[in-house]
Amino acid sequence: MNASEIFRGPPFGLGGVPFGNEFAYLTDDVAYATIEAAWNAGVRYYDTSPWYGLGLAERRLGTFLHKQTRSEYVLSSKVGKLLTASRDNNAKEYFPFTPSPNNLRYDYTADGVKRSIEDSLQRLGVDALDVVFVHDLSPDNAWLPGPWEEQFEIARNGAFPTLSRMRDEGVIKGWGLGVNSPEPILKLMDVADANVCLLARQYSLIDHENALRQVFPKARERGMAFVVGSSLNAGFISGSARFNYGKENYKIPAEAIEKRARLRAVAARHGVDLRTAALQFSIAPDVAVALVVGCANPEQVLADYTSLKTRIPHGFWSDLRSEDLVENDVPLPHEN
């Protein structure tokens, strides 16, 4: 199935990272209110993972979604990490704010993928996933049990053909990688027939050259589409004191701070909300079928969802080009 056929609704997906308490403690009440606000606004794509809070995000999303008609929304989750409950769990080593009782184990084999999907369905309380992303099989992941190339070969012989078979049999509609760096996606397109990847942390106003030059041209040749994640660089563009993910995301590169300041200056000149511009920028490429945006409260989800429909003066985008804040040939929203 073509990815554009999977993501038929508004190109806005609610991401599960905040519901796993990755950045801060979120109460159940606030999490449920946020998910309900997204649904009532018209959001019909939801992305999660066993990794987010080690099961917490899936359970919270499932509490709401299992009450909805399954055919009315698109749901994606991830494989490659299995959870096992233990009294002596190390969940807080990964997520200090999660109440999860689980330990984590990496498994990119065929059996591991099948078990991961079954476990996710149980936590979510639903009978099917639409899209499955093989998660964090990437050189930036320091927690992998071995070199990423070694783990990639395990997935190549296990996870990848298993997911292709499940898609061909209609069990799922699409699959790909969900990673923070380009190398695995470029390699995947040479060895498997995935149809949609989660491009996390790789296409934003702050950083987009590599995706534009390397990933997108090959994707067009191979028929690959992308869900774009972290278009705000984990909230950095909208003012958060962090940049992307990981334990040291408080160490913000000086060049990122400088670029954000320059972007803010152009935005102020045109009366533009920079967060709104960043979201619209990330969905502009022809290979992008949806965004995944993490929202920690109802106000955030309503503001971010509204951003995709907010008009931005053409002069703002022109100034970004003329001041070399975006690549000269990058797709811009007003050109679509």
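This write-up is about the structure you can find in this document.

What counts, and where the lines are drawn
- Residues numbered from 1 in each chain as written.
- Predicted model: local features only at pLDDT ≥ 70, side-chain atom pairs only at ≥ 80, totals over all residues.
- Heavy atoms only, no water.
- Helix = DSSP H or I, 4+ residues; strand = E, 2+ residues; numbered from the N terminus.
- Rg over C-alpha atoms; globule rule 2.2 N^0.38 Å.
- Buried < 20%, exposed > 50% of the residue type's maximum accessible area, 1.4 Å probe, protein only.
- Contact = heavy atoms within 4.5 Å.
- Areas by Shrake-Rupley, 256 points an atom, 1.4 Å probe, with all protein chains shown as cover.
- Lys, Arg positive; Asp, Glu negative; His and termini not counted.
- Charge placed at Lys NZ, Arg CZ, Asp CG, Glu CD.
- Core = buried A, V, L, I, M, F, W, Y, C linked by side-chain atoms within 4.5 Å.
- Pairing = 2+ DSSP bridges.
- Axes fitted to C-alpha atoms, helices over the stretch in contact; angles between N-to-C directions.
- Salt bridge = Lys/Arg side-chain N within 4 Å of Asp/Glu carboxyl O.
- Parallel < 35°, antiparallel > 145°, perpendicular 65-115°, else oblique.
- Left-handed = near helix turned anticlockwise from the far one by under 90°.

**Structural notes on the overall build of the protein**
- Across its full length, the protein holds 13 helices and 10 strands.
- A compact globule built from 336 residues should have a C-alpha radius of gyration of about 20 Å, and the protein, at 19 Å, falls within 12% of that.
- A principal-axis box enclosing the C-alpha atoms of the protein has dimensions of 55 × 45 × 40 Å.
- Considering the protein as a whole, with its 336 residues, one finds that 57% of them fall into the buried category.
- Contacts in the protein between residues at least 24 apart in sequence constitute 73% of all its contacts with a sequence separation of at least 6.
- Total accessible area computed for the protein in this model is approximately 14,000 Å², and 47% of it derives from carbon and sulfur atoms.
- Both charge centroids of the protein, one from 36 positive and one from 42 negative side chains, sit 2 Å from each other.

**Structural notes on the nonpolar core**
- Tyr46, Val134, Phe160, Leu163, Leu177 and Phe226 are the most contacted members of the largest nonpolar core, which totals 98 residues.
- Setting aside residues up to four positions removed in sequence, Phe226 forms contacts with Ile185, Val196, Cys197, Leu199, Val215, Phe216, Ala219, Val287, Ala288, Val289 and Ala290.

**Topic: the environment of Gly229**
- On the secondary structure map, Gly229 appears in strand β9 (residues 225-229).
- The class for Gly229 is buried, based on a relative accessible area of 6%.
- Considered as a pair, Gly229 and Ala278 are 49 residues apart in the sequence and their alpha carbons are 12 Å apart.
- Leaving out residues up to four positions away in the same chain, Gly229 has contacts with Leu198, Leu199, Ala200, Arg201 and Val292.

**Considering the sheet that holds strand β6 (residues 131-135)**
- Overall, parallel pairing links the 8 strands, which are arranged β1-β2-β3-β6-β7-β8-β9-β10 in a closed barrel. Across the sheet, the mean angle from the axis of one strand to that of its neighbour is 25°, orientation sign disregarded.
- Inspection of the sheet shows β6 paired to strand β7 (residues 174-179) by 5 bridges, in the parallel sense. Looking at the pairing, Val134 lines up with Leu177 of β7.
- Across the sheet, helix α5 (residues 110-124) lies against β3 (74-79) and β6, angled at about 135° from β3, the strand it touches most.

**Regarding the pattern of salt bridges**
- What the rule picks out here adds up to 24 salt bridges.
- Here Asp319 ties to Arg269 by a salt bridge, and the two come within 3.2 Å at their closest N and O atoms. Of this pair, Asp319 sits in helix α13 (residues 314-322) while Arg269 is found in helix α10 (residues 254-270), placing the two residues 50 residues apart along the sequence.
- Each member of the salt-bridge network shares a partner with another, and the members are Arg70, Asp130 and Lys173.

**What about the packing of α10 against α13?**
- It is at 9 Å that the axes of α10 and α13 come closest, and there the two elements cross at 150°. Here α13 runs roughly antiparallel to α10, going by the angle between their axes. When you trace α10 past α13, the crossing you get is right-handed. Between α10 and α13, the contacting residues are Leu263, Val266, Ala267, Arg269 and His270 on the first element and Gly315, Phe316, Asp319 and Leu320 on the second.

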